[in-house]
Amino acid sequence: MKRKPASPGGRPPGRRLREHSVLPGFGLSLGLSLTYTSLIVLIPLAALVLRSSSLGWHDFWEVALEPRVLASFRLSFGAAFVAAALNTVFGFVVAWTLTRYRFPGRRLLDALVDLPFALPTAVSGIALTALFVPDGWVGRILEPLGINIAFTRAGIVIALILIGMPFVVRTLQPAIANLPAELEEAAATLGASRLRTVARVVLPPLMPAMLTGFTLAFARAIGEYGSVIFIAGNLPFRTEIAPLVIVMKLEQFDYGGAAAIGTVMLAASFLLLLAVNLLQLWSRRWSGAGI
Amino acid sequence: MSIQLDGLTKRYGGLAVVSRVSLDIANGEMFVLLGPSGSGKSTLLRMIAGLAEVDEGRVWLDGRDVTHVSPSKRGIGFVFQSYALFRNMTVADNVEFSLRVRGTRPDVRRRRREELLELVGLAGFGERRPAQLSGGQQQRVALARALADAPAFLLLDEPFGALDARIRTELRQTLRRIQRECRVTAVFVTHDQEEALELADRIGVMNFGRLLEVGAPQELYLRPRSAFVAGFLGVSNLVVGESTPTSVRLGSVDLPLGTETPVQPRGQRAQILLRPEDLEIRADREHMRSAVIGVGRVEERGFSGPVERLRIRLDPIPGVRQVAPALPYGASELVFEVTRPQPEAVARTVKRGDMVWVGVRRCHVLAPASVEITLFGGTRPGSHARDFAGRFAESLHGSVRYPDEAALLDPMQTGDTASQSEVVGFGLTAMDFEDAEARQGEFGPGAPMGHVLVVPGPSEVPRRLLICVAVGEPGKVDVRVAERIAWRLDAEATVMTVLPEGKGVPEHVTRFLEASARVLSSRGVRTRTLIRHGSPSSEVLSEIKEGGHDLLVVGAPFRGPGEPHPFRGGVMGRLLRERPSVPMLIVRSQES
């Protein structure tokens, strides 16, 4: 391809892509990306929507707004939100420790972070349940205190924390590593306390990464099924998550109903992710990284 | 507001990166810490700021002991090489940061911020983000931010290191002006000698964690004490000649002393510094107005604005050895860097290949590099090492120290690595053979990094040195160290290498030995070379007997802090086991 000299006023983004890409041919790689994304993401989702449309508008809403289904939506999105929020806080601490300190066993701890990625979620669900049932190792200690984890919403949140943690840690680690230690030192020489340094100097530049981590953990938690069903107890209206409702519909050969609930989850997830992405865009600009 | 440092030491993993630095910086002074990278200057600055913990010693700011006070309570401003601006804040918020921390009223804050931005030449930039500014502008913001709370001390860690030359010069002037206007005591760290000379009230030159010399720029440039400082503060032609009570002598030429120099007994070896501008060149001898030292050929000629740079090669002068600029090993001619002001260069042009007379207008003699012998095992009676060290030191015009053993195993205390020895004379650790044997295993990390002198029994001051070398870089260090000792003792030397049985003599070995002989004989040491075949340790031992040698010089390269047993394995281990009958000088050269 013939290269043109750069125009002084900056080049349009498309041109830049074309000139700097290492892949052969912009047209080819764009085409491939679109095809790949379509095959993997768009077409299955479209099929889902199509399947649910076989119900008709009225039946669709009947299924989607059924009280038991609504309760499962609330639980799924609520627990996922709480788990992702907790993960963001504690994942930050873990990522900070792993990045900023050198201590014996650091590499081991670092490797452990990835474990929830690799473990079949059912396994982690069974392990957690065994731990938290009233005569399990942890449940035995908590029961006399009147705290019940297994078969309650708290148990669901714990399962979701487990599977979401790596997302937060792994997104934050490179961001923390890129944050120069001089920023903290500068704040210290300017008289700032630790608290102020964290709030005004350390956290703002990490905001975009934290939001990304939150989003990934949240998205993953909404769809989680395997680990939750073991610890949840699955009581309708109380500890029954939306994916479980879908599975039950499928088991009753109610494909239309399952697709309808799936479509609502899809739409809600999409809107939430869109909102978080916009927030992230805004915070990126706010933290000075995007200019 | 003064700064006092008292014996500051910082260690990382047992190695001292800053070693016993004591320094007084006066109120309102601009003090520049100058040194190559890794010299410990930044660590020293960070200890003053409280950003690095102090292992030993004390820091006093304005008479207050702040050694263990947190950086936020020291009343300092710090400027980083990377600017370290808060990118999530505007320029105004950055500058106001320290005032906000202090809870200053908003209107006062705004006034102060505007005043500071005006001062650094960025008035009206308050609403911008750091990312919208150039590097030079960002550093100006960082400077304003550091000064906002009117600190008494401003510490700058290579602040202009990441900027290009023109902006650097500009910022230097800005900084000097602001520092005077704000009457702040400043410590400025840099590796750029030009920056140091231009900015400083006083310069402290650091290397290997030590503060070598402190003085006004002109003082340090014209009258450095050590070769390292001479070389670091500009181009230096450094030669070894002789000093007499009234002059210094380069071969047969007496040079007038341009600077006060310590009076030394006749015939003392002296390192003579000739700055490029101190040398005069002319095509004809009659018009020379300086002490003529010889004729040389113009090798290189370069133009650099205000001056013309020439490189002139002179024939060898007997008894004169060049130290800097460094020549190839074994070269005995002299190569000088000369500069001439542009008008002179235009009026009397010379071309490459022209022959010119070279004269010296002014020269400076460095402080004599003394030998310091540290005695291992203290003053134990009947110690052969003690007897020998005393006599040896006397003949070398050196001194003996008797430290306690704990201090001795601290490498920075005893030791001088080979490269350090060029800076501060050189250090030897003397010990009895029994100690060397018993301590073999302990010469792990923290082993004395200086040269070691092992004394097996009653010994006289050496007259015949056997220098046993392997061909290569460490061998060159061995020869240079031996040369100093042989010259001082007026001893003769044999340079020997041992090759495996039944092998011919490769040409590079012969070349190396010849070059080594030239290094020694250029200083007037009677030298012969020798090649033996067989096992190194037994050949060395039999040569000692057959040749009547009375000091063995061998090398043991220092291989870094993790080396297990430098004297245990290989030739060195066998030599120590077989116990040579004469003292053994183990030269520790550092692989760089």
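Along each chain, residue indices are assigned from 1 in the same order as the chain's sequence is written. To read the labels, note that chains go from A and ligands from 1, taken in the order they are written. In keeping with the model being predicted, local features are shown solely for residues with a pLDDT of at least 70 and side-chain atom pairs are shown and tallied solely at 80 or more, while totals for entire chains, interfaces and linings include all residues. Excluding hydrogens and water, the side-chain values take into account all heavy atoms of the structure.

Helical segments are the DSSP runs of H or I of at least four residues, strand segments are the runs of E of at least two, and each set is numbered from the N terminus. What chain A contains, in helices and strands, is 14 helices and zero strands. Listed by position from the N terminus, the elements making up chain A come as α-α-α-α-α-α-α-α-α-α-α-α-α-α. Each residue gets one of three labels from its accessible area relative to the maximum for its type: buried under 20%, exposed over 50%, partly exposed in between, using a 1.4 Å probe on protein chains only. Evaluated residue by residue, chain A yields a buried proportion of 38% over its 291 residues. Throughout, a residue-residue contact means that at least one pair of heavy atoms, one from each residue, lies within 4.5 Å. Counted over contacts in chain A with a minimum sequence separation of 6, partners at least 24 positions apart contribute 73%.

All right, on to the overall build of chain B then. Scanning chain B from terminus to terminus reveals 18 helices and 30 strands. A total of 592 residues make up chain B; the buried ones form 56% of that total. Across chain B, contacts joining residues at least 24 apart in sequence account for 74% of those joining residues at least 6 apart. About 24,400 Å² of surface is accessible on chain B, with carbon and sulfur atoms providing 49% of the total. Computed with the Shrake-Rupley method and a 1.4 Å probe, the accessible areas treat only the protein chains shown as cover for residues.

The residue after B:A324, namely B:P325, is reached through a cis peptide bond having omega -5°. Relative to the assigned elements, B:P325 resides in the loop between β18 (321-324) and β19 (334-341). Its identity is not glycine, yet A:F237 carries a phi of approximately 70°, on the positive side. If you trace the backbone, A:F237 turns up in the loop between α12 (226-232) and α13 (242-251). A residue is classified by how much of its surface remains accessible, and A:F237, at 48% relative accessible area, is partly exposed. Non-glycine residue B:E158 carries a positive phi angle of around 40°.

Turning next to helix α10 (residues 384-395) of chain B. Residues and elements named next belong to chain B. Expected span, for any helix, means 1.5 Å times one less than how many residues it has. The end-to-end C-alpha distance of α10, which contains twelve residues, comes to 17 Å, matching closely the 16 Å that a straight helix rising 1.5 Å per residue would cover. Within α10 the residues assigned to the buried category are A385, F388, A389, F392 and A393. Each buried residue of α10 lies within a common arc of 125° when the element is viewed along its axis, so the set occupies one face. The directions from the helix axis to the C-beta atoms form the arc being described.

Turning to the packing of aromatic side chains, a few remarks are in order. A pair of aromatic rings is counted whenever rings of Phe, Tyr or Trp (Trp by its six-membered ring) have centres within 6.5 Å, and the orientation is called stacked for planes under 30 degrees apart, edge-to-face for over 60 and tilted otherwise. This model, assessed by the stated rule, comprises 14 aromatic pairs over all chains. Centroid distance A:F81 to A:F218: 6.3 Å. Interplanar angle 85°. Geometry classified as edge-to-face. Of this pair, A:F81 sits in helix α4 (residues 67-100) while A:F218 is found in helix α11 (residues 194-223), placing the two residues 137 residues apart along the sequence. A relative accessible area of 46% places A:F81 in the partly exposed class. Relative to B:F80, the ring of B:F78 has its centre 4.7 Å away and its plane inclined at 40°; by these criteria the two rings are tilted.

Okay, the domain arrangement of chain A next. Residue and element names in this part refer to chain A. Entries for chain A in the domain assignment read domain 1 (24-53) and domain 2 (56-290). Where each domain starts and ends follows an automatic or database-derived domain assignment. Taking only C-alpha atoms, the centre of domain 1 and the centre of domain 2 are 27 Å apart. With six residues of domain 1 in contact, the opposing surface of domain 2 contributes nine residues. Across the interface of domain 1 and domain 2, roughly 580 Å² is buried in total on both sides, 70% from carbon and sulfur atoms. One speaks of a salt bridge when a side-chain nitrogen belonging to Lys or Arg is within 4 Å of a carboxyl oxygen belonging to Asp or Glu. Remark: the boundary between domain 1 and domain 2 carries zero salt bridges. By the criterion applied in these results, polar contacts are pairs of N or O atoms within 3.5 Å in which, for protein atoms, one can donate a hydrogen and the other can accept it, and in which residues neighboring in sequence qualify only through two side-chain atoms. Summed over the shared surface of domain 1 and domain 2, the number is zero residue pairs in polar contact (both at pLDDT 80 or more). Polar here means any residue outside two lists: the nonpolar Ala, Val, Leu, Ile, Met, Phe, Trp, Tyr, Cys and Pro, and the charged Asp, Glu, Lys and Arg; Gly therefore counts as polar. The residue makeup of the side of domain 1 that touches domain 2, split by class, is three nonpolar, two polar and one charged. Accessible area that two parts lose when put together, with a 1.4 Å probe and added across both, is what the buried area reports.

The term nonpolar core refers to a set of buried residues drawn from Ala, Val, Leu, Ile, Met, Phe, Trp, Tyr and Cys, joined through side-chain atoms within 4.5 Å. Counting 92 residues, the largest nonpolar core has A:L160, B:L44 and B:F86 as the members making the most contacts within it. At twelve residues, α4(A) tops the list of elements feeding residues into this core. Aside from chain neighbours lying at most four places away, what touches B:F86 is A:L183, A:A186, A:A187, A:L190, A:V201, B:N94, B:F97, B:P130 and B:R145. Of all hydrophobic cores here, the second largest spans 44 residues; its members include B:L116, B:V120, B:L171 and B:I203.

Residues and elements named next belong to chain B. Along the chain, G77 turns up in strand β6 (residues 76-79). Along the primary structure G77 and L314 are separated by 237 residues, whereas in three dimensions their C-alpha atoms are 52 Å apart. Contact partners of G77, with chain neighbours within four places excluded, come to A146, P151, F153, L154 and L155.

Take the interface of chain B and chain A next. Opposite the 23 residues of chain B that make contact, chain A presents 18 residues. The contact between chain B and chain A buries some 2,000 Å² in all, and 63% of this surface belongs to carbon and sulfur atoms. Counting across the chain B and chain A interface gives one salt bridge. For A:E185, the salt bridge is made with B:R46, and the minimal N-O distance between the two is 2.5 Å. If you look at where chain B meets chain A, you find four residue pairs in polar contact (both at pLDDT 80 or more). Residue assignment for the side of chain B that touches chain A shows that the elements contributing at least two residues are β6, α2 (91-102) and α4 (135-147) of chain B. No other element matches the four residues that α2(B) contributes to the side of chain B that touches chain A.

Before going further, it helps to spend a moment on the pattern of salt bridges. All names here are of chain B. As enumerated under the stated definition, the model contains 47 salt bridges over all chains in all. Close ionic contact of E96 with R113 constitutes a salt bridge, the shortest N to O distance being 2.7 Å. Residue E96 is found in helix α2, and its partner R113 is found in helix α3 (residues 106-119); the two are separated by 17 residues along the sequence. As far as the burial class goes, E96 and R113 line up, both buried. The closest approach of N and O atoms between R340 and E344, which form a salt bridge, is 3.9 Å. Overall, R340 belongs to the buried group, its relative accessible area being 2%. According to the relative accessible area criterion, E344 is buried, its value standing at 15%.

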